[in-house]
Amino acid sequence: MDALITQLQRQFRDYTISLYQQGFLDDQFTELKKLQDDGSPDFVAEVLTLFFEDCVKLISNMARALDQTTGNVDYSKVGASVHQLKGSSSSVGAKRVKALCVSFKDYCDTQNFEGCVRCLQQVDIEYKTLKTKLQDLFNLEKQIIQAGGRVPQVDIN
Amino acid sequence: MALGGFSSELHVLAVDDSFVDRKVIERLLKISACKVTTVESGARALQYLGLDGPNGSSSALTILDKQDLKVNLIVTDYSMPGLTGYELLKKIKESSAFREIPVVIMSSENIQPRIEQCMIEGAEDFLLKPVKLADVKRLKELIMRVGEAKEGLTKSSSPKRILQNDIDSSPSSSSSSSSSQDVSSLDDDTPSSKRMKLEPKSS
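Definitions and limits used
Residues numbered from 1 in each chain as written. Chains lettered and ligands numbered in written order. Predicted model: local features only at pLDDT ≥ 70, side-chain atom pairs only at ≥ 80, totals over all residues. Heavy atoms only, no water. Pairing = 2+ DSSP bridges. Helix = DSSP H or I, 4+ residues; strand = E, 2+ residues; numbered from the N terminus. Axes fitted to C-alpha atoms, helices over the stretch in contact; angles between N-to-C directions. Contact = heavy atoms within 4.5 Å. UniProt positions renumbered as here; feature names shortened; annotations may be inferred. Parallel < 35°, antiparallel > 145°, perpendicular 65-115°, else oblique. Left-handed = near helix turned anticlockwise from the far one by under 90°. Nonpolar A, V, L, I, M, F, W, Y, C, P; charged D, E, K, R; others polar. Salt bridge = Lys/Arg side-chain N within 4 Å of Asp/Glu carboxyl O. Disulfide = S-S within 2.5 Å. Buried area = accessible area lost by both parts, 1.4 Å probe. Polar contact = N/O pair within 3.5 Å; in protein donor to acceptor, adjacent residues only side chain to side chain.

**Quick word on the sheet that holds strand 4 (residues 103-107) of chain B**
All names here are of chain B.
Then step 1. Strand order in the open sheet formed by five strands is 2-1-3-4-5, and the pairing between neighbours is parallel. The open sheet is flanked by strand 2 (34-39) and strand 5 (125-128), the only strands paired with a single partner. Across the sheet, the axes of successive neighbouring strands diverge by a mean angle of 20°, strand direction being ignored.
Then step 2. Along the sheet face, helix 1 (residues 19-31) touches strand 1 (10-15), strand 2, strand 3 (73-77) and strand 4 and points at about 165° away from the line of strand 2.
Then step 3. Across the sheet, helix 4 (residues 85-94) lies against strand 1, strand 3 and strand 4, angled at about 175° from strand 4, the strand it touches most.

**Concerning the UniProt feature "modified residue: Phosphohistidine" (unreviewed entry) in chain A**
Then step 1. When the UniProt feature table is mapped to this numbering, "modified residue: Phosphohistidine" (unreviewed entry) covers H83 of chain A.
Then step 2. Relative to the helices and strands, H83 of chain A resides in helix 4 (residues 75-92).
Then step 3. Sequence-distant contacts of H83 of chain A, that is, excluding residues within four places in its chain, are made with K105 of chain A together with S79, S108 and E109 of chain B.

**Observations regarding the UniProt feature "domain: HPt" (unreviewed entry) in chain A**
Then step 1. Using the residue numbers shown here, the UniProt feature "domain: HPt" (unreviewed entry) corresponds to residues 40-148 of chain A.
Then step 2. As a span, residues 40-148 of chain A carries 83% helix and 0% strand, and end to end its C-alpha atoms are 19 Å apart.

**Overview of the packing of helix 4 of chain A against helix 1 of chain B**
Then step 1. For the pair helix 4 of chain A and helix 1 of chain B, the least separation of the axes is 9 Å and the interaxial angle reads 30°. Relative to helix 1 of chain B, the element helix 4 of chain A lies roughly parallel. Taken as a pair, helix 4 of chain A and helix 1 of chain B cross one another with a handedness that is left-handed. The segment helix 4 of chain A lies against helix 1 of chain B, with G87, S88, S91 and V92 of chain A engaging V20, D21 and V24 of chain B.
Then step 2. Along the lines of polarity and charge, the residues of the contact of helix 4 of chain A with helix 1 of chain B split into three nonpolar, three polar and one charged.

**Focus on the packing of helix 3 (residues 43-65) of chain A against helix 4 of chain A**
All names here are of chain A.
Then step 1. Taken N-terminus to C-terminus, the directions of helix 3 and helix 4 make an angle of 165°; their axes are 9 Å apart at the nearest point. The angle between helix 3 and helix 4 falls in the class roughly antiparallel. Judged by the sense of rotation from one axis to the other, the crossing of helix 3 with helix 4 is left-handed. Facing helix 3, whose interface residues are V47, L48, F51, D54, C55, L58, N61, M62 and A65, helix 4 presents K77, V78, S81, V82, Q84, L85, S88, S89 and V92.
Then step 2. A class-by-class count of the residues in the contact of helix 3 with helix 4 yields 11 nonpolar, five polar and two charged.

**Topic: the pattern of salt bridges**
Two side chains of opposite charge can pair, provided their charged atoms sit close to one another.
Then step 1. Across all of its chains, the model carries 15 salt bridges over all chains by this definition.
Then step 2. Where K23 of chain B meets E46 of chain A, a salt bridge forms, and the shortest distance between an N and an O atom there is 3.0 Å. Here the residue K23 of chain B occupies a position in helix 1, and E46 of chain A occupies one in helix 3, the pair thus bridging two chains.
Then step 3. Note that E26 of chain B and K30 of chain B form a salt bridge whose closest N and O atoms lie 3.5 Å from each other. With E26 of chain B and K30 of chain B both in helix 1, this residue pair falls four residues apart, about one helical turn.
Then step 4. Among the charged side chains, a network of salt bridges with common partners joins D16, D21, D77 and K129 of chain B.

**Re the state of the cysteines**
Then step 1. Tallied over the entire structure, the rule returns zero disulfides over all chains.
Then step 2. In this structure C119 of chain A is not part of a disulfide, and its nearest cysteine sulfur, from C116 of chain A, lies 6.8 Å away.

**A short note on the interface of chain B and chain A**
Then step 1. Each partner contributes residues to the interface: chain B has 16 residues there, and chain A has 20 residues.
Then step 2. Both faces considered, chain B and chain A share a buried interface measuring about 1,600 Å² in area, 62% of it formed by carbon and sulfur atoms.
Then step 3. Its largest share of buried area at the contact with chain A, chain B owes to V20, K23 and R27 of chain B, together 37% of the area lost on that side.
Then step 4. Connecting chain B to chain A are three salt bridges.
Then step 5. The partner of D37 of chain A in a salt bridge is R27 of chain B, and the shortest N-O contact between them spans 3.2 Å.
Then step 6. Run the count over chain B and chain A and you get nine residue pairs in polar contact (both at pLDDT 80 or more).
Then step 7. Broken down by element, the side of chain B that touches chain A gets its largest block of residues, eight residues, from helix 1 of chain B.

Here you go:
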């Protein structure tokens, strides 16, 4: 059982580090982990769940606002949703999503339709990618605990 | 640390329209041993405080009801639909019942004129989002020091900043001009780029 735990812990450590190195997560995610303890063991997962729900809602708002068939695009409406997504992605450490929001905001400000549509597609892909990766990470945590081990603290630096 | 007139825990009212941010700020405050009430708008905050009466006045009954839920600190996001954090700040400072409560503004945008505007209106501090544990710890210490100062001195109309310099004997606190709101270097974890400073240079 110990060999399994060690192996899982190593996988968890490597995977976590790769997520930071590939720019999916930044130090705000680390900050969130600090807020998790035995009293609130699922805090990070709960916040990320809320974040992904936010993504679905906001991206749908953006898509609706960018729909040209209903008339002229209201870029301030798009921008408002992008601003909110930028805020929540920043709060959870979703680094790539946040970076995309920065570009997206610029396209909104310059009323660049193609740019906005491109960003919308990219942000949709990006949050889904992150969601999958974090699911894998949380699954690893579960496996470690089920095997009787402790989830290691991963030092990113 | 003695808490002077405060009950054993600071009760913080956190105002933010983002569900994610509310959850995070709530946890940040709870882990820093604060009681927390979160609301999603300035209007709801005023309602909670009992300031949403016809003239913006509070009903005495509401205050009495809430004695045990007395708010010691208000932390609010700046950009919110409806009442902005700045407008909420103004309403609180206009109220005789609540103007003594410290108000802290949070924003994801580091806009100097905005910061100054809030400080001039009486905000205690301005936090750049995303808010970290170190920010909350620093804030809590500030609030408790301000509270102790009020307990120890007769209430005067001295501006808070002078009060802080008088009572603050901590060697790590800012010793620059009184316009500085960089309250502490107690926490060195926080990169200086995250700090709200009135002076353009960073320490």
